[in-house]
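Here's the letter readout for the chains.
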Amino acid sequence: STKDHHSTLSPSSTPSILPHLLQSMRLFPSAALIQEHACGTLAAMALRRPANARAILDAGGPRWVLLAMRRHESNVNVQRQGALAVRNIVSRLLRDLPEEEGGGGGSAAGGG
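Because the structure is predicted, anything quoted here is derived from the model rather than measured.

Draft legend 1. Spotlight on the overall build of the chain. Looking only at helices and strands, one finds seven helices and zero strands in the chain. Listed by position from the N terminus, the elements making up the chain come as α-α-α-α-α-α-α. Here the chain holds 112 residues, and 29% of them are scored as buried. Sequence separation of at least 24 residues holds for 57% of the intrachain contacts in the chain that already meet a minimum separation of 6. When the accessible surface of the chain is totalled, it reaches about 7,300 Å², and 55% of it is carbon and sulfur.

Draft legend 2. Region of the structure containing the pattern of salt bridges. Scanning the model with the defined rule gives one salt bridge in all. Across the pair Arg54 and Asp58 runs a salt bridge whose closest N-O atoms are separated by 3.8 Å. One end of the pair is Arg54 and the other is Asp58, both in helix H4 (residues 50–58) and four residues apart, which spans about a single turn.

Draft legend 3. Representation of unusual backbone geometry. Phi is positive for Arg48, which is not a glycine, with a value near 55°. For Arg48, the location among the structural elements is in the loop between helix H3 (32–46) and H4.

Draft legend 4. View of the packing of helix H2 (residues 18–27) against H3. In contact at an axis separation of 9 Å, H2 and H3 are set at 150° when each is read in the N-to-C sense. On the basis of their axis angle, the class for H2 and H3 is roughly antiparallel. By crossing handedness, the relation of H2 to H3 is classed as left-handed. Touching Leu18, Leu21, Leu22, Ser24 and Met25 of H2 are Ile34, Gln35, Ala38, Cys39, Thr41, Leu42 and Met45, all from H3.

Draft legend 5. Spatial organisation of the confidence of the model for the chain. This prediction gives the chain a mean pLDDT of 83; 72% of its residues lie at or above 70. Note that pLDDT drops below 50 for residues 1–10; the model gives that stretch seven contacts with residues more than four away or on any other chain. Taken as a whole, residues 102–112 scores under 50 in pLDDT and shows two contacts with residues more than four places along the chain or in a different chain.

What counts, and where the lines are drawn
- Throughout this description, residue numbers start from 1 for each chain and increase along the sequence as written.
- In view of the model being predicted, local features appear only for residues whose pLDDT reaches at least 70, and side-chain atom pairs are presented and counted only at 80 or more, with totals across whole chains, interfaces and linings using the full set of residues.
- With hydrogens and water excluded, all non-hydrogen atoms of the structure serve as input to the side-chain values.
- Runs of E in the DSSP output that reach at least two residues are strands. Runs of H or I that reach at least four are helices, and both are numbered from the N terminus.
- A simple rule labels every residue: compare its accessible area, found with a 1.4 Å probe on the protein chains alone, to the largest value its type can have, and call it buried under 20%, exposed over 50%, or partly exposed in between.
- Should any heavy atoms of two residues lie within 4.5 Å, those residues are counted as being in contact.
- Computed by Shrake-Rupley with a 1.4 Å probe, the accessible areas treat only the displayed protein chains as cover when residues are assessed.
- One speaks of a salt bridge when a side-chain nitrogen belonging to Lys or Arg is within 4 Å of a carboxyl oxygen belonging to Asp or Glu.
- Under this scheme, a helix contributes an axis fitted over its contacting stretch, all axes are lines through C-alpha atoms, and angles between N-to-C directions fall in the 0 to 180 degree range.
- If an angle is under 35 degrees, it is roughly parallel; if it is over 145, roughly antiparallel; if it lies from 65 to 115, roughly perpendicular; otherwise it is oblique.
- Left-handed describes a crossing in which the near helix is turned anticlockwise from the far one by less than a right angle; the clockwise case is right-handed.
- How sure the predictor is of each residue is captured by pLDDT, a score from 0 to 100.

So, in structure tokens, the structure goes:
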């Protein structure tokens, strides 16, 4: 339907893969390769793109990344891609926080 089509549009009016990517993570939680590549794609989507990082956060992406990492804790590739995804999402969003919110976390999260 038209409503469904519009719900998957990004702010730039181009179709977004994000809902489908997260759905694949939900549907195939035990498939390490799917989890690895989904985490890698989320990491790439968030890299230097604050609007994408916010969309991933709003869609619940970090939850699925962490679940993948927990489920595949001995898979180095899932861990690496998951850590990159978390890093890229967080580093984009921390820069958008007002100083009083973002400044209390210590200098390790800052810099750049």
